[in-house]
Amino acid sequence: MRAGCRLFPLLLLALLRGLCHGREAAPSAVTCGSVLKLLNTRHSVRLHSHEVKYGSGSGQQSVTGVEASDDANSYWRIRGKSDSNCQRGTPVKCGQAIRLTHVNTGKNLHTHHFPSPLSNNQEVSAFGDDGEGDDLDIWIVQCSGTYWEREDAVRFKHVGTEVFLSITGEQYGHPIRGQREVHGMPTANHHNYWKAMEGVFIKPSMDPAKHDEL
């Protein structure tokens with residue numbers, strides 16, 4: 001049998017599966033394995049972390065917001081609740097549970113019942129080693145369509161404590177002067193919208209090796 005004839009039934013099966021699972025993901029969908037920066041749309045700062053620990057609360061690695069668009073410490077990798085349920089190149093669905101892993105330090109976006117240092121909301125930290133932390137690293141992507149699209153403003157709701165990833169504008173002094181506090185808030189509002197910005201996006205394709213570099 002010719003190679004083209006053998007491939008046709010497989011391609012037809014893939015097409016039928018796509019139809020059965022609803023609307024096909026757009027090329028602009030955010031996908032598992034993508035590395036990106038996240039912009040808080042209200043305050044125009046990017047989600048950021050670094051090897052600076054909180055001086056109060058948990059004492060874990062701090063998470064902040066920065067204005068600079070070119071800071072390498074603002075890259076986060078999109079992962080599933082477990083790696084097996086968020087395979088590389090798979091579009092992230094609205095309502096899906098994910099982890100956000102800080103690329104440069106390997107720690108996961110995390111929150112817990114400690115007060116944040118400036119606003120007394122809930123502290124958000126970076127936690128774990130080599131991408132492995134605990135159940136308090138899990139967030140739900142809240143968006144309005146079927147998939148998380150790059151151009152959409154979305155919210156991240158924490159599974160364990162039900163707060164939203166937020167910024168309200170409080171600024172730190174030394175040693176991270178001018179950076180904004182990131183915290184968890186119990187209510188959905190304009191302070192907790194985020195948009196995908198710069199990054200390396202794995203294309204939603206049968207070939208997960210394909211990606212867009214922005």
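Just so you know, these numbers come straight off a predicted model, no measurement behind them.

(A) The confidence of the model for the chain, seen in detail. Chain-level pLDDT for the chain is 87 on average; 83% of the residues reach the 70-or-more range. Across residues 1–23 the pLDDT falls below 50, and counting only partners more than four positions away or on other chains, this stretch makes 6 contacts in the model.

(B) Spotlight on the pattern of salt bridges. Under the counting rule described, the total for this entry stands at 5 salt bridges. The partner of Glu132 in a salt bridge is Arg79, with the nearest N and O atoms 3.1 Å apart. One end of the pair, Glu132, is in the loop between strand 7 (122–127) and strand 8 (139–142); the other, Arg79, is in strand 4 (residues 76–80), and 53 residues separate them in sequence. Judged by relative accessible area, which is 10%, Arg79 ranks as buried. One continuous salt-bridge network, built from bridges that share partners, spans Arg79, Arg99 and Glu132.

(C) Molecular detail of the environment of Glu51. Along the chain, the position of Glu51 falls in strand 2 (residues 45–53). Through-space distance from the C-alpha of Glu51 to that of Thr105 is 7.5 Å; in sequence the pair is 54 residues apart. Excluding anything up to four places from it in sequence, Glu51 contacts Gln61 and Thr105.

(D) Representation of the state of the cysteines within the structure. One pass over the structure, following the stated rule, counts 2 disulfides. Covalently, Cys32 is tied to Cys86 through a disulfide, its sulfur atoms 1.7 Å apart. Since a negative S-S torsion denotes a left-handed disulfide, the Cys32-Cys86 link at about -95° is left-handed. On the criterion of sequence distance, the pair formed by Cys32 in the loop between helix 1 (3–20) and strand 1 (35–40) and Cys86 in the loop between strand 4 and strand 5 (97–102) is long-range, its members being 54 residues apart. Of the residues examined, Cys86 reaches a relative accessible area of 8% and is grouped as buried. With a sulfur-sulfur separation of 1.9 Å, Cys94 is cross-linked through a disulfide to Cys143. Looking down the S-S bond of the Cys94 and Cys143 bridge, the torsion is -115°, so its handedness is left-handed.

So, how was this worked out
Residues numbered from 1 in each chain as written. Predicted model: local features only at pLDDT ≥ 70, side-chain atom pairs only at ≥ 80, totals over all residues. Heavy atoms only, no water. pLDDT = per-residue confidence, 0-100. Contact = heavy atoms within 4.5 Å. Salt bridge = Lys/Arg side-chain N within 4 Å of Asp/Glu carboxyl O. Helix = DSSP H or I, 4+ residues; strand = E, 2+ residues; numbered from the N terminus. Buried < 20%, exposed > 50% of the residue type's maximum accessible area, 1.4 Å probe, protein only. Disulfide = S-S within 2.5 Å.

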